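Observations on the model geometry
Below are the chains, spelled out letter by letter.
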Amino acid sequence: MDVENQRMQKPRKGRRSGAPEGRSVQPGRPAARGRCGGLAGRPSVPPPGPLQRALLPATREASFPGCSGEHHGSRRGGAGPAGVEQSLRDSMAHLDSEVKEECLREDLKFYFMNPCEKFRARQQIPWKLCLQILKIVMVTTQLVRFGLSNQLVVAFKEENAAAFKHLFLKGYSGTDEDDYSCSVYTQEDAYESIFFAINQYHRLRNISLGTLGYGESEGNRIGLKVCKQHYKKGTMFPSNETLNIDSDIKIDCIHLDLQALSQSSQDWKNSSFFSLEFYRLLQVEISFQLKGIDLQTIHSRELPDCYVFQNTITFDNNAHSGKIKIYFDSDANIEECKDLTISGSIQKNTQYVLVFDAFVIVICLASLILCTRSIVLALRLRKRFLNFFLEKYKRQVCDADQWEFVNGWYVLVITSDLMTVIGSVLKMEIKAKNLTNYNLCSILLGTSTLFVWVGVIRYLGYFQAYNVLILTMQASLPKVLRFCACAGMIYLGYTFCGWIVLGPYHNKFQNLNTVAECLFSLVNGDDMYATFAHIQQKSLLVWLFSRLYLYSFISLFIYMILSLFIALITDSYDTIKKYQQNGFPVTDLQEFLKESSSKEKCQKESSAFLSRVCCLRSAGGKSAVLTATEMALSKGDRGWTAPQNCQKHAVKLQIISRSDDHLILVN
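As recorded in an unreviewed UniProt entry, the chain goes by the name Mucolipin-2 isoform X1, listed as coming from Camelus bactrianus.

Here it is, written out as structure tokens:
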């Protein structure tokens, strides 16, 4: 607000408008438009009147003991209006600093309140809490519906795989022998198993109970493909211990379509391709493609899925041990049905499900926006606090206090919302039969639901009885991670040692993955006797080593490492319980929030000074002095109300400092 100095054209005598009686404006002195305290300039002011003479001694001696421990009285810059102006400037600057600090403290307290406390403090509706509760219900309902639908898909794939094994594997008992389905031990059984699979494929439409049809294989040809792998050439005489063989592998393939299979079976059985030299043979692979439609989804009022089954039968003779292992692999893929016409209420039900999924997306986007907004506001508040702390205390805030402003729960909610939105979009595409990636959709929706339910712990943490788990996990996590890093080195050492030594003699130690799973089971006390008993006693040295290996591992991990692991968590739990009884260590942030405001004492000490603050206004080219009583503003439900005599002269006021019950204004 600009200060206007208007010089009178010719001297005149008169009273100052609004000035105390008996005091006239001196001729030749310019009339001044005053400001509260003169914070923005030094306008020419009239000589001190009775009110100002009464104000001057008070302002010189004004101080605010108890506010900050420092003396903020007026500077003795002179006995005239300049002293009043300097005193007002210093006092208002101190008051403004106190108000800023109090505002920051109130904002921090409000930020760290729980939703119930915020509602009691400012009647602010906890939108995020209500939204999270609604989101839990919606996301869980969506996941259950998708899980039931996915369960039908998994059941259809598994039942078809079992049916294919009974259809195409001769002598299949219904149970896999190991990681392979069955095995043969004679050349005759090998030939019969190969020819049996080919004949069953030809007779599929007449023998299958399912909704199956032939699919197109490579080159858009309907039929099956038979390939064999063998060494190029060689001779072998085991009785003379003589072997002459070329180690290069040759692959020969033949395609048998339905037309060729419809002819006499002796024509293709007697071909040279099926003359197998088993001492050179590595494996025979039969691959074919089938198509099917899952009709059980109709009972769930869903559109049926169309499947493509890529089946492979492998006769493995790589070991040349006299045993050919037969593997059956069926890879089922869901494809969009080309022509699907279904009458009834299925289409209408599908639309309802799509609308529900769209509503879930809207809820998650609203939650995402609110949580992102909270994080942004928290970072701004953190910046304000860091600047204030550095300015007042001349030091940086510790890292622990800075991380208090980064709410990990909001990060968890945002991650959950993003995964739910992406998973819901995929689910809608799958529902509309535009996509078939059930696995990715399951991972996204399942993980997001996990995060949503884990986020419920945040609201339980507001109660001390339920907060122990969260605080114990936070306190013990760094120590547990360091401990696991050390224990993991020992665990890896035992894993590699068991794999290389016990692998040839124990089926649980044949590869690194099974070794790690076996040792983890031993740590938890599972399957101990079977692990000891199944070791083959072909080598006394290996048998003795296995006992030393297993006993040392179990003793070390169960009696020492696992006990220390539990002790770390127990120690953190005891520490948290002690803190809850005696109080937690106070950080800089908590100390700042607990500082009792000395605002009431400051107001009592400065009331004599503030009551003398005046406002100078200009009206009709005349100057007038309004006392603090005339300028007193009342704070009601609708905010601050200006006095009548300022309103009637249309004086524009500007706030230069504020507190809960005082405003200092200038025009």
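Looking only at helices and strands, the chain has 20 helices and 17 strands in total. Going through the 667 residues of the chain one by one, you find that 38% of them count as buried. Partitioning the contacts of the chain with sequence separation of at least 6, the portion at a separation of at least 24 is 66%. Accessible surface computed for the chain: about 38600 Å², of which carbon and sulfur atoms make up 56%.

The pairing of strand β6 (residues 234-237) with strand β7 (residues 242-245) spans 4 bridges and is antiparallel. Bridge pairing in β7 places M236 opposite L243. Counting the residues in the hairpin turn of β6 and β7 gives 4 residues, including E241, whose phi is positive at 55°.

Attention shifts here to the packing of aromatic side chains. Across all of its chains, the model carries 26 aromatic pairs by this definition. Where F509 meets Y549, the ring centres are 6.2 Å apart and the plane angle is 75°; that geometry is what we call edge-to-face. Of the two residues, F509 is situated in the loop between α14 (468-502) and α15 (512-523) and Y549 in helix α17 (residues 540-582); the sequence distance between them amounts to 40 residues. What makes F509 buried here is its relative accessible area of 1%. Aromatic pair F545 and Y549: ring centres 6.2 Å apart, planes at 25°, arrangement stacked.

Enumeration according to the criterion identifies 8 salt bridges in this entry. In this structure, K170 and E192 form a salt bridge, with 2.7 Å as the shortest nitrogen-oxygen distance. With K170 in the loop between α4 (127-168) and β3 (182-184) and E192 in helix α5 (residues 187-202), the pair connects residues that are 22 residues apart, well separated along the chain. Owing to a relative accessible area of 39%, K170 belongs among the partly exposed residues under this scheme.

Glancing now at the nonpolar core. Formed by 49 residues in total, the largest nonpolar core has its most connected members in F168, I198 and I313. Non-local contacts of I198, meaning those with residues more than four positions away in its chain, are made with L224, V226, L256, L261, W268, F274 and I286. The next biggest cluster of nonpolar side chains, apart from the first, holds 21 residues, and it includes F509, V515, L522 and V542.

With that out of the way, let us pick up α14. For α14, with 35 residues, the first-to-last C-alpha span of 44 Å runs short of the 51 Å given by 1.5 Å per residue. At L477, α14 shows its maximal kink, close to 45°; a proline, P478, follows between one and four residues later.

The subject of this paragraph is helix α12 (residues 438-454). For α12, which comprises 17 residues, the first-to-last C-alpha distance of 24 Å matches the rise-based estimate of 24 Å (1.5 Å per residue) to within 8%. All of the buried residues along α12 are Y438, C441, L444, L445, S448, T449 and V452. The arc that holds every buried residue of α12, seen down its axis, measures 135°, which confines them to one face. Away from its buried face by more than 90 degrees, α12 exposes N439 and I443. Looking at the packing, one finds that the buried side of α12 touches α4, β10 (305-316), β11 (324-335), α11 (408-431) and α13 (456-460).

With that settled, consider the packing of α4 against α11. Two numbers describe how α4 lies on α11: the axes approach to 12 Å, and their chain directions differ by 40°. By crossing handedness, the relation of α4 to α11 is classed as left-handed. The segment α4 lies against α11, with K128, Q132, K135, V139, Q142 and F146 engaging Y410, V413, S416, D417, T420, S424 and K427. For the contact of α4 with α11, the per-class residue count stands at 4 nonpolar, 5 polar and 4 charged.

Attention shifts here to unusual backbone geometry. Positive phi, normally seen in glycine, also occurs at H320, with a value near 50°. Looking at the element boundaries, H320 is found in the loop between β10 and β11. Of note, D527 is a non-glycine position whose phi angle comes to about 60°, a positive value. Considering the arrangement of structural elements, one finds D527 in the loop between α15 and α16 (528-533).

Running from N to C, α15 and α17 point in directions that differ by 55°, and their axes come no closer than 9 Å. As far as their axial angle goes, α17 and α15 are oblique. Considering the relative orientation of α15 and α17, their crossing is right-handed. From α15, L519, L522 and V523 reach across to α17, where they touch Y549, L550, F553, F557, I558 and L562.

So, how was this worked out
- Along each chain, residues carry numbers from 1 onward, in the same order as the chain's sequence is written.
- Totals for whole chains, interfaces and linings use all residues, but because this is a predicted model, local features are given only for residues with pLDDT of at least 70 and pairs of side-chain atoms are given and counted only at 80 or more.
- Side-chain descriptors were evaluated using all non-hydrogen atoms of the structure, hydrogens and water having been removed beforehand.
- Secondary structure elements are defined from DSSP: runs of H or I of at least 4 residues count as helices, runs of E of at least 2 residues count as strands, and each element is numbered from the N terminus.
- Accessibility here uses a 1.4 Å probe with only protein chains present; expressed as a share of the type maximum, an area under 20% marks a residue as buried, one over 50% as exposed, and anything in between as partly exposed.
- Any two residues whose heavy atoms approach within 4.5 Å at even a single point are treated as in contact.
- Each accessible area is a Shrake-Rupley result for a 1.4 Å probe, and residues are judged covered by the shown protein chains and nothing else.
- Only strands that DSSP links by at least two bridges are regarded as paired with each other.
- Any pair of Phe, Tyr and Trp rings, taking the six-membered ring for Trp, is counted once the centres come within 6.5 Å. Such a pair is stacked with planes under 30 degrees apart, edge-to-face with planes over 60 apart, and tilted for the rest.
- Within this document, salt bridges are pairs made up of a side-chain nitrogen of Lys or Arg and a carboxyl oxygen of Asp or Glu, the two lying within 4 Å of each other.
- Residue types Ala, Val, Leu, Ile, Met, Phe, Trp, Tyr and Cys, when buried and joined through side-chain atoms within 4.5 Å, form a set referred to as a nonpolar core.
- In this scheme, a helix's expected span is set at 1.5 Å multiplied by one less than its residue total.
- Two axes are fitted around each residue, one to the seven residues ending there and one to the seven starting there, and the angle between them is reported as the bend at that residue.
- It is the directions from the helix axis to the C-beta atoms that the arc portrays.
- The axes used here are C-alpha line fits, helices contributing only the stretch in contact, and every angle between their N-to-C directions lies in the interval 0 to 180 degrees.
- Helix crossings are classified by the rotation of the near helix relative to the far one: an anticlockwise turn of less than a right angle makes the crossing left-handed, while a clockwise turn makes it right-handed.
- Only Asp, Glu, Lys and Arg are considered charged in this grouping, and only Ala, Val, Leu, Ile, Met, Phe, Trp, Tyr, Cys and Pro are considered nonpolar; every other residue, Gly among them, is considered polar.
- Any angle that falls under 35 degrees is termed roughly parallel, while one over 145 is termed roughly antiparallel, one within 65 to 115 roughly perpendicular, and all others oblique.

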